[in-house]
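Summary of the model geometry
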Amino acid sequence: MGEIEQMKKEAEALKTQIEAARKAVHDTDMASAASGVAPAPRVQLKTRRTLKGHLAKIYAMHWSTDNRLMVSASQDGKLLIWDSHSGNKVNAVPLKSSWVMTCAYAPSGNLVASGGLDNMCTVYNLKTPVIKTVKELDAHTGYLSCARFLSDTEVLTASGDTTCALWDLETGKQKTVFLNHVGDCMCLSLSPDMNSFVSGACDSLAKLWDIRDGQCKQTFLGHTSDINAISFYPGGNAIITGSDDCTCKMYDLRADQEVISYQDAALNSGVTSLALSMSGRLIFAGYDDFNCNIWDSLKGEKVGVLSGHDNRVSCTGVPPDGMCVCTGSWDSFLKIWN
Amino acid sequence: MPVINVEDLTDLDKAKMEVTQLKIEVKLERAKVSKCCEEISEYIQSGADEDPLVKGIPEEKNPFKEKGGCVIC
């Protein structure tokens, strides 16, 4: 038997063992465990702001930690910084490459980042008299699908080259490369304690990584297509994923498996984005069918919908204080709801 | 850390990588789903009272309330 066949046989045996171990602790699921919990009230949110300014599809948005400012990215070649309270544009950052797929706000509020088909993550300083490019992080060999700041000196990226990377912003170099996915990495989410992160990829797997030692700790199965969106739960013990297979799933890290799936026979559009309400009770999931559906995370039931966009909802975000949800769309508008 | 060139990985490299990873994961201690779900459920419910999007936001406290008309002082 060739070496590869031997490896594959070994892999299959290990997978069978892992499946059995997961089954052995699978004594219930979330919906059953939460059967005694009162259902979440039907959620009817109104559009409070429609932010107009981009001239093409919006691909990403990210809230600042001040709960007021946010950054959005569009293939019109701009990042826009918005004051969500007034609805005014505070800054515009012209991009060298208009094929942007992600943007991020640093926790300090000093920096923003963007990236996309240029395979780079570009970091900008918002606090200099004129907005300046601080660094171009250039080493990925595939598109940049997601970027997140740990601080003003470290950035995490996810790439179409199947890796994620931790970068040092002072040197502009990769400190750690996270390699284990076999499909394009599409999204990432930092744990609340900042010691780990999860990634979702086109191999339909979600993976948990230790930021400092670079190791993949756990792999989550269940989706049958690309995972486009991922988020840690507020408590840090569970994650939510959204996929082209039209479902969202919650995985518990300590049980090492899926505990509930958010799906509906009538829904046959892929999930593009997701965000959690402050307590984690509500999941706001953006779909290709132009809607954002609201799910009760404990019961697995749909409790509301945000309709109003005229094209795919590409990004969603809830600020840290949980006071609203923002949706961004290919129709070039952002909407704020509460 | 050296830059890993993903394109240089052979099928054998990828197969070895998969086995190495599975050997790590097979050793995981897994907690009962019932216990995990109970904890998550309690955590969420304890936060739900303070969750603006669950309990609603009074009009006067809403920073995003519709911008009003004119006020004559």
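All values derive from a computational prediction rather than experimental measurement. (Residues numbered from 1 in each chain as written. Chains lettered and ligands numbered in written order. Predicted model: local features only at pLDDT ≥ 70, side-chain atom pairs only at ≥ 80, totals over all residues. Heavy atoms only, no water.)

So, on to the overall build of chain B. Tallying secondary structure elements over chain B gives three helices and zero strands in all. Its helices and strands in sequence order give chain B the pattern α-α-α, from N to C terminus. Expressed as a percentage of the 73 residues in chain B, the buried residues total 30%. Counting every atom, chain B has about 5,000 Å² of accessible surface; 54% of that belongs to carbon and sulfur. (Helix = DSSP H or I, 4+ residues; strand = E, 2+ residues; numbered from the N terminus. Buried < 20%, exposed > 50% of the residue type's maximum accessible area, 1.4 Å probe, protein only. Areas by Shrake-Rupley, 256 points an atom, 1.4 Å probe, with all protein chains shown as cover.)

Residue and element names in this part refer to chain A. Inspection of the secondary structure puts L188 in strand β14 (residues 185–190). Since its relative accessible area comes to 4%, L188 is described here as buried. Residues L188 and C146, spaced 42 residues apart in sequence, show a C-alpha to C-alpha distance of 6.5 Å. Those residues in contact with L188 that lie beyond four places of it in its chain are C146, R148, L156, T157, A158, F197, V198, S199 and I230. (Contact = heavy atoms within 4.5 Å.)

Okay, the pairing of strand β9 (residues 132–138) of chain A next. The side chains of a regular strand alternate, first on one face of the sheet and then on the other. Residue and element names in this part refer to chain A. In this sheet, β9 lies alongside strand β8 (residues 120–125) in antiparallel orientation, the contact comprising six bridges. Across the sheet, the residue bridging to M120 is D138, located in β9. Here β8 hands over to β9 after six residues, the two strands then running antiparallel side by side. (Pairing = 2+ DSSP bridges.)

Attention shifts here to the interface of chain A and chain B. Facing 74 residues of chain A, the contacting portion of chain B comprises 51 residues. Summed over both sides, the interface of chain A with chain B buries roughly 5,300 Å², with 67% coming from carbon and sulfur. Residue R254 of chain A pairs with E39 of chain B through a salt bridge whose shortest N-O separation is 2.5 Å. Viewed at the interface, chain B and chain A are joined by 17 residue pairs in polar contact (both at pLDDT 80 or more). For the side of chain A that touches chain B, the leading source of residues is helix α1 (residues 3–25) of chain A, giving 13 residues. The residue inventory of the side of chain A that touches chain B, partitioned by class, reads 33 nonpolar, 24 polar and 17 charged. (Buried area = accessible area lost by both parts, 1.4 Å probe. Salt bridge = Lys/Arg side-chain N within 4 Å of Asp/Glu carboxyl O. Polar contact = N/O pair within 3.5 Å; in protein donor to acceptor, adjacent residues only side chain to side chain. Nonpolar A, V, L, I, M, F, W, Y, C, P; charged D, E, K, R; others polar.)

Moving on, we come to the packing of aromatic side chains. Residue and element names in this part refer to chain A. According to the stated counting rule, one finds six aromatic pairs over all chains in the structure shown. Seen from their ring centres, F178 and F197 are 4.8 Å apart, and the 85° between their planes marks the pair as edge-to-face. In this pair, F178 is assigned in strand β13 (residues 173–179) and F197 in strand β15 (residues 196–201), connecting sequence segments 19 residues apart. The residues F178 and F197 share a single accessibility class, namely buried. A ring pair is formed by F178 and W209, whose centres lie 5.6 Å apart and whose planes are at 70°; its orientation type is edge-to-face. With F178 in strand β13 and W209 in strand β16 (residues 206–210), this pair connects stretches of sequence that are 31 residues apart. The pair F178 / W209 is uniform in exposure class, with both members buried. Over the aromatic face of F333 sits the side chain of K52, whose NZ or CZ is 5.6 Å from the ring centroid. A cation sits over an aromatic face here: K57 above W330, 3.9 Å from the ring centre. (Phe/Tyr/Trp six-rings, centres within 6.5 Å; stacked < 30°, edge-to-face > 60°. Lys NZ or Arg CZ within 6 Å of the ring centre and 35° of its normal.)

Attention now moves to the sheet that holds β9 of chain A. Where strands meet in a sheet, backbone hydrogen bonds hold them as pairs that are either parallel or antiparallel. All names here are of chain A. On the basis of which strands lie adjacent, the open sheet formed by four strands has the order β6-β7-β8-β9 and antiparallel pairing. Lying at the two open borders of the sheet, with one neighbouring strand each, are β6 (100–105) and β9. Adjacent strand axes in the sheet meet at a mean angle of 20°, parallel and antiparallel pairs treated alike. With five bridges connecting them, strand β7 (residues 111–116) and β8 associate as antiparallel partners. Across the sheet, the residue bridging to G115 is C121, located in β8. (Axes fitted to C-alpha atoms, helices over the stretch in contact; angles between N-to-C directions.)

All names here are of chain A. UniProt tags residues 51–92, 137–177, 178–219, 220–261 and 306–338 as "repeat: WD" (unreviewed entry). Taken end to end, residues 137–177 is 0% helix and 61% strand, and its two terminal C-alpha atoms sit 13 Å from one another. In this annotation, residues 178–219 is assigned 0% helix and 55% strand; the end-to-end C-alpha distance for the span is 13 Å. (UniProt positions renumbered as here; feature names shortened; annotations may be inferred.)

Right, let's get into the nonpolar core. Ranked by internal contacts, the top residues of the largest apolar core, which has 27 residues, are M30, I240, M250 and Y262 of chain A. Those elements giving two or more residues to this core turn out to be β19 (238–243), β20 (248–252), β21 (257–262), β22 (271–276) and β23 (282–287) of chain A together with α2 (33–48) of chain B. Counting residues per element, this core draws most heavily on α2 of chain B, which supplies five residues. The residues touching I240 of chain A, leaving out its near neighbours within four places in the chain, are A229, I230, S231, Y233, K249, M250, Y262, L274, L276 and I283 of chain A. (Core = buried A, V, L, I, M, F, W, Y, C linked by side-chain atoms within 4.5 Å.)

On to unusual backbone geometry, then. Residue and element names in this part refer to chain A. For T162, which is not glycine, the phi torsion reads 80° and is therefore positive. Looking at T162, the relative accessible area reads 12%, which means it is buried. The phi dihedral of D256 falls on the positive side, at around 60°, and the residue is not glycine. Among the secondary structure elements, D256 is positioned in the loop between β20 and β21.

This next bit is on the pattern of salt bridges. For the structure on display, the rule yields 18 salt bridges over all chains. Between E136 of chain A and K96 of chain A there is a salt bridge whose closest N-O contact spans 2.8 Å. Here the residue E136 of chain A occupies a position in strand β9, and K96 of chain A occupies one in the loop between β5 (88–94) and β6, the gap between them amounting to 40 residues. Look at E136 of chain A and you get partly exposed, because its relative accessible area is 31%. Put simply, K249 of chain A and E258 of chain A hold a salt bridge, and the shortest N to O gap is 3.3 Å. Since its relative accessible area comes to 6%, K249 of chain A is described here as buried. Sharing partners across several salt bridges, the network here consists of E19, R22 and D256 of chain A together with R30 of chain B.

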